[in-house]
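# Examination of the molecular architecture
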Amino acid sequence: MVVGNLRNAQVVINEQAIFDNITKEKARLPKETSLFAVVKANGYGHGAVPVAKVAQKAGANGFCVALLDEALELRRALFTEPILVLGITDPKYSAIAASAHISLTVGSKAWLVQAKTVMAQENQLRPLAVHLGIDSGMGRIGFTDIPEFLKAVHFMKENPDYFEFEGVFTHFATADGADETYFKAQATKFNAYVAALDDPPRYVHVSNSATSLWHEACNGNLIRFGVALYGLNPSGHELALPYTLKPALSVYSELVFCKKIHAGDHVGYGATYTATEDEWVGTVPIGYADGWLRRLQGSKVLVAGQYCEIIGRICMDQFMIRLPKAYDVGTKVTLVGQDQNAQITLQDVADQSQTIHYELACILGERLPRKYIGLQTK
Ligand SMILES: *Cc1c(COP(=O)(O)O)cnc(C)c1O
């Protein structure tokens, strides 16, 4: 992948914002509750390793990722904290995980039986740390009945050379919504699994960002803190935050071209935009290949503190905007962030494109270089 270091477009990550968001959350947690920073999908597009470094400084006790490869990336970057893979890993990689001290999510006894065979064949010396996932209503992965769950627990107890039962967890489908009915039903189901254990494992956990922000009473002793550490409200507009989060990500570019067009002139593929009078048009070198979706046509960016509309269809690598007057090539364009007294948030862009900020952050292309503003030294 060629990263566009020589282009005038970049994603800027404010490390202090990440640090402050984690510090504020940690301050609300009882001392014995661990915070694992969720850095899957390249740290929600912010950069997994740099985000993990800041999270570590802010006191994160471990990390969650979605894939074994993402966990290994952190180990290669020399992180020694606990790492939990939240997705299902193929049992054929169980020995790799165990030898790298990476904890895996398991949702069936059959998985453990297969993993035992693999680890025996590969002479794996260290047991694999396992978190049993409970499907209490998300309908995604995990145990759906208690007897099967207990069989898995017993299988691990009978095979201590291969498995360490380290955690049990569930994931809520509606923790970010105002209606708590389904949330409560899931919590009740999960609690029945935990109550069926003679001896609970080290970690009992249920909380993504939304659960910890709005249902902290059921946190257990570990939270999986994701989107909020990046400064984004998990509920979008639905629920007010208990404390202020600072968004970490901005997107900037520059005008690479500026010209006057006249009534009747067209702009972009399909010639769908028609000028009605003399207009100034600027070209911004970011496109849908960078994650700036075609459906963002009609949305706004900031130039000199003013909102300017994207006109015509967004191209793969460029889009055009209507300017109130002529601006020099090189003038800063803010796609996400603050410019003078005006601001565009990732939430605003999500609203414009009928999606959620999570998705937009993740799809910002690798071709956009990430620039990091370091922690302020006091
Ligand atoms: C992604 C994920 C999280 C983090 O969710 P946020 O809403 O970003 O806090 C937590 N738990 C599981 C199982 C996940 O898949």
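To start, this report covers the structure provided alongside it. Since the structure is predicted, the reported quantities are computational estimates derived from the model, not experimental observations. (Residues numbered from 1 in each chain as written. Predicted model: local features only at pLDDT ≥ 70, side-chain atom pairs only at ≥ 80, totals over all residues. Heavy atoms only, no water.)

### Focus: the pairing of strand E8 (residues 203–207)
Taking burial as the measure, the five residues of E8 include five buried ones, the bulk of the element. Pairing of strand E7 (residues 163–170) with E8, which is carried by three bridges, proceeds in the parallel orientation. Looking across to E8, one finds that Val 168 is bridged to Val 204. Taken together, the two bridges between E8 and strand E9 (residues 222–225) define a ladder with parallel strand orientation. For Ser 207, the partnering residue across the bridge sits in E9 and is Ile 223. Viewed along the sheet, the connection from E8 through helix H9 (residues 209–214) into E9 turns out right-handed. (Buried < 20%, exposed > 50% of the residue type's maximum accessible area, 1.4 Å probe, protein only. Helix = DSSP H or I, 4+ residues; strand = E, 2+ residues; numbered from the N terminus. Pairing = 2+ DSSP bridges. Right-handed = clockwise from strand over helix to strand, strands pointing away.)

### Thoughts on the pattern of salt bridges
Here the structure, examined in full by the defined rule, presents nine salt bridges. Where Glu 180 meets Lys 184, a salt bridge forms, and the shortest distance between an N and an O atom there is 3.7 Å. A salt bridge links Asp 317 to Arg 367; the nearest nitrogen and oxygen atoms lie 3.0 Å apart. Of the two residues, Asp 317 sits in the loop between strand E16 (306–311) and strand E17 (319–323) while Arg 367 sits in the loop between helix H11 (357–363) and strand E20 (370–373), which places them 50 residues apart along the sequence. Overall, Arg 367 belongs to the partly exposed group, its relative accessible area being 22%. One network of salt bridges, with partners in common, ties together Arg 7, Asp 290, Asp 317 and Arg 367. (Salt bridge = Lys/Arg side-chain N within 4 Å of Asp/Glu carboxyl O.)

### Some words on the nonpolar core
The nonpolar side chains of a soluble globular protein tend to be buried, and buried together. In this structure, Leu 132, Phe 163, Trp 292, Phe 319 and Ile 321 are the most contacted members of the largest nonpolar core, which totals 113 residues. Top element by residues in this core is helix H3 (residues 48–57). It accounts for six residues. Setting aside residues up to four positions removed in sequence, Phe 319 forms contacts with Gly 282, Thr 283, Val 284, Ile 286, Trp 292, Val 301, Ile 310, Ile 314 and Leu 335. If you look at the next biggest cluster of nonpolar residues, it comprises eight residues, including Ala 275, Val 281, Ile 311 and Cys 315. (Core = buried A, V, L, I, M, F, W, Y, C linked by side-chain atoms within 4.5 Å. Contact = heavy atoms within 4.5 Å.)

### A closer look at the packing of helix H6 (residues 109–121) against helix H7 (residues 146–158)
Interaxial distance between H6 and H7 falls to 9 Å at its minimum, and their mutual angle equals 25°. Between H6 and H7, the angle falls in the class roughly parallel. On H7, the residues that touch Lys 109, Leu 112, Val 113 and Lys 116 of H6 are Glu 148, Lys 151, Ala 152, Phe 155 and Met 156. Residue composition of the contact of H6 with H7, by class: five nonpolar, no polar and four charged. (Axes fitted to C-alpha atoms, helices over the stretch in contact; angles between N-to-C directions. Parallel < 35°, antiparallel > 145°, perpendicular 65-115°, else oblique. Nonpolar A, V, L, I, M, F, W, Y, C, P; charged D, E, K, R; others polar.)

### Observations regarding the site of the ligand
Taken together, Val 38, Lys 40, Tyr 44, Leu 86, Arg 140, His 171, Asn 208, Ser 209, Arg 224, Gly 226, Val 227 and Tyr 358 make up all the residues around the ligand. Residue Arg 140 places a side-chain N or O atom 3.2 Å away from an oxygen atom belonging to the ligand. Counted by class, the shell around the ligand contains five nonpolar, four polar and three charged residues. (Near = heavy atom within 4 Å. Polar contact = N/O pair within 3.5 Å; in protein donor to acceptor, adjacent residues only side chain to side chain.)

### What to know about helix H8 (residues 181–195)
The end-to-end C-alpha distance of H8, which contains 15 residues, comes to 21 Å, matching closely the 21 Å that a straight helix rising 1.5 Å per residue would cover. Listed as buried for H8 are Phe 183, Gln 186, Ala 187, Phe 190 and Tyr 193. An end-on view of H8 places all buried positions within 115° of arc, on one side of the element. Exposed residues on H8 whose side chains face more than 90 degrees from its buried face are Thr 181, Lys 184, Thr 188 and Ala 195. Looking at the buried residues of H8, the elements they touch are strand E6 (128–134), H7, E7, E8 and H9. (Expected span 1.5 Å × (residues − 1). Arc of directions from axis to C-beta.)

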